[in-house]
Amino acid sequence: AQSVSQHNHHVILSEAASLELGCNYSYGGTVNLFWYVQYPGQHLQLLLKYFSGDPLVKGIKGFEAEFIKSKFSFNLRKPSVQWSDTAEYFCAVKLSSGNTPLVFGKGTRLSVIA
Amino acid sequence: GAGVSQTPSNKVTEKGKYVELRCDPISGHTALYWYRQSLGQGPEFLIYFQGTGAADDSGLPNDRFFAVRPEGSVSTLKIQRTERGDSAVYLCASSANRDPTNTGELFFGEGSRLTVL
């Protein structure tokens, strides 16, 4: 069965610390990969996406993610977090072909403290 | 409108009652999705519309759940004989293209929080 795993349920970091959130998927085929973010009291927003080409993808607000096909991973990174990055982060995966739905992981809550 | 609009934002109902949740997508978006998010979980796919027709309803948990999009714009998610386990945030998203991989972006509403007592 297709699945998306986010290993960290809750991450607490101090401002300026580096961030890496793990995401692994289990799919039998070519995939498109996404990270969505949900700030407190707001709706889900796209952070970045990967379809093809350079496996290192840059997103908004200084975030990036690296697709490692051999590891079925798409980890999210940011060199230096800010208090405003406090949010819930969701990894999502979709088969590239066909109208298949976007499947989300359970999410990782990031708390950035001053 | 500027974004995806969902109403009501909060709905409290009693077990066994009927509930309707409404989604008004971004104008011109042909694809519309319903997801359900329970506490501590990620969004779970329910159903996807392309225009007026349900292109994929494989995520609907049982026949108490039904969704329509009669004119290819606004959609209504209908839940019959609600159960306590139906309590969740119901998210609607829309996308501009037939295949969301073209842009990769689903635009989400703020959700309708359903509580079944």
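Scroll up to find the structure.
Figured I'd write up the structure that's included with this text. Per chain, residues are indexed from 1 in the order of the written sequence. By the order in which they are written, chains take letters starting at A while ligands take numbers starting at 1. Totals for whole chains, interfaces and linings use every residue, but because this is a predicted model, local features are given only for residues with pLDDT of at least 70 and side-chain atom pairs only at 80 or more, for both listing and counting. Note that the side-chain values use all heavy atoms of the structure and ignore hydrogens as well as water.

**Observations regarding the state of the cysteines**
Okay, step 1: Sulfur atoms of two cysteines make up a disulfide when they are within 2.5 Å. As enumerated under the stated definition, the model contains two disulfides over all chains in all.
Okay, step 2: Across the disulfide from Cys23(A) sits Cys91(A); the S-S distance is 1.9 Å. Taking the sign of the torsion about the S-S bond as the criterion, the disulfide between Cys23(A) and Cys91(A), at about -65°, is left-handed. Taken together, the residues span a long stretch of sequence, with Cys23(A) in the loop between strand S3 (19–21) and strand S4 (24–26) and Cys91(A) in strand S10 (residues 87–95) at a distance of 68 residues. Just as Cys23(A) is buried, Cys91(A) falls in that class too.
Okay, step 3: Here Cys23(B) engages in a disulfide with Cys92(B); their sulfurs sit 1.9 Å apart. Strands here are runs of E lasting at least two residues and helices are runs of H or I lasting at least four, both read from the DSSP assignment and numbered beginning at the N terminus. A 1.4 Å probe rolled over the protein chains alone gives each residue an accessible area, and that area as a share of the maximum for its type sets the label: buried under 20%, exposed over 50%, partly exposed in between.

**A few points about the pairing of strand S8 (residues 64–68) of chain A**
Residues and elements named next belong to chain A.
Okay, step 1: Sheet topology note: the strand S7 (residues 56–58)/S8 ladder contains three bridges and is antiparallel. Within S8, the position partnered with lysine 58 by the bridge is glutamate 64.
Okay, step 2: Strands pair, by our definition, only if DSSP identifies at least two bridges between them. In textbook terms, the turn of a hairpin is the stretch between consecutive antiparallel strands, and for S7 and S8 this stretch comprises five residues, one of which, lysine 61, has a positive phi near 60°.
Okay, step 3: In the sheet, S8 pairs with strand S9 (residues 73–78) via five bridges, with the strands oriented antiparallel. Within S9, the position partnered with glutamate 64 by the bridge is arginine 77.
Okay, step 4: Hairpin geometry of S8 and S9 is characterised by an intervening segment of four residues between the two adjacent antiparallel strands and by a positive phi of about 50° at phenylalanine 72.

**Here we look at the interface of chain B and chain A**
Okay, step 1: The contact criterion used is simple: two residues touch if any of their non-hydrogen atoms lie within 4.5 Å. Every contact between the two is made by 21 residues of chain B and, on the other side, 21 residues of chain A.
Okay, step 2: Accessible surface is computed with a 1.4 Å probe, and the buried area is the amount of it that two parts give up when combined, taken over both parts together. Roughly 1,700 Å² of surface becomes buried between chain B and chain A when both sides are summed, with 57% attributable to carbon and sulfur atoms.
Okay, step 3: In what follows, salt bridge is the name for a side-chain nitrogen of Lys or Arg lying within 4 Å of a carboxyl oxygen of Asp or Glu. Between the two partners, chain B and chain A, sit zero salt bridges.
Okay, step 4: Elements supplying a minimum of two residues to the side of chain B that touches chain A: strand S4 (31–37) and strand S5 (44–50) of chain B.
Okay, step 5: Here the side of chain B that touches chain A is built from residues that sort into eight nonpolar, eight polar and five charged. Classification convention: Asp, Glu, Lys, Arg as charged; Ala, Val, Leu, Ile, Met, Phe, Trp, Tyr, Cys, Pro as nonpolar; all other residues, Gly among them, as polar.

**Quick notes on the pairing of strand S9 (residues 88–95) of chain B**
Residues and elements named next belong to chain B.
Okay, step 1: Taken across its eight residues, S9 has eight buried, putting it largely inside the fold.
Okay, step 2: Alternating positions in S9 separate into two faces, Ala88, Tyr90, Cys92 and Ser94 on one and Val89, Leu91, Ala93 and Ser95 on the other, with burial throughout.
Okay, step 3: Sheet analysis places S4 next to S9, joined by seven bridges and oriented antiparallel. For alanine 31, the partnering residue across the bridge sits in S9 and is serine 95.
Okay, step 4: Relative to strand S11 (residues 112–116), S9 runs antiparallel, the two being bridged by three bridges. Bridge assignment links tyrosine 90 to a residue of S11, and that residue is serine 112.
Okay, step 5: One ladder, built from two bridges, connects S9 with strand S10 (residues 107–108); its direction is antiparallel. Each bridged residue has a counterpart across the sheet, and for serine 94 the counterpart in S10 is phenylalanine 107.

**Description of the environment of Glu14(B)**
Residue and element names in this part refer to chain B.
Okay, step 1: Locating glutamate 14 in the fold gives a position in the loop between strand S2 (10–13) and strand S3 (19–24).
Okay, step 2: Assessed through its relative accessible area of 51%, glutamate 14 is described here as exposed.
Okay, step 3: Those residues in contact with glutamate 14, other than ones at most four positions away along the chain, are Thr82, Val116 and Leu117.

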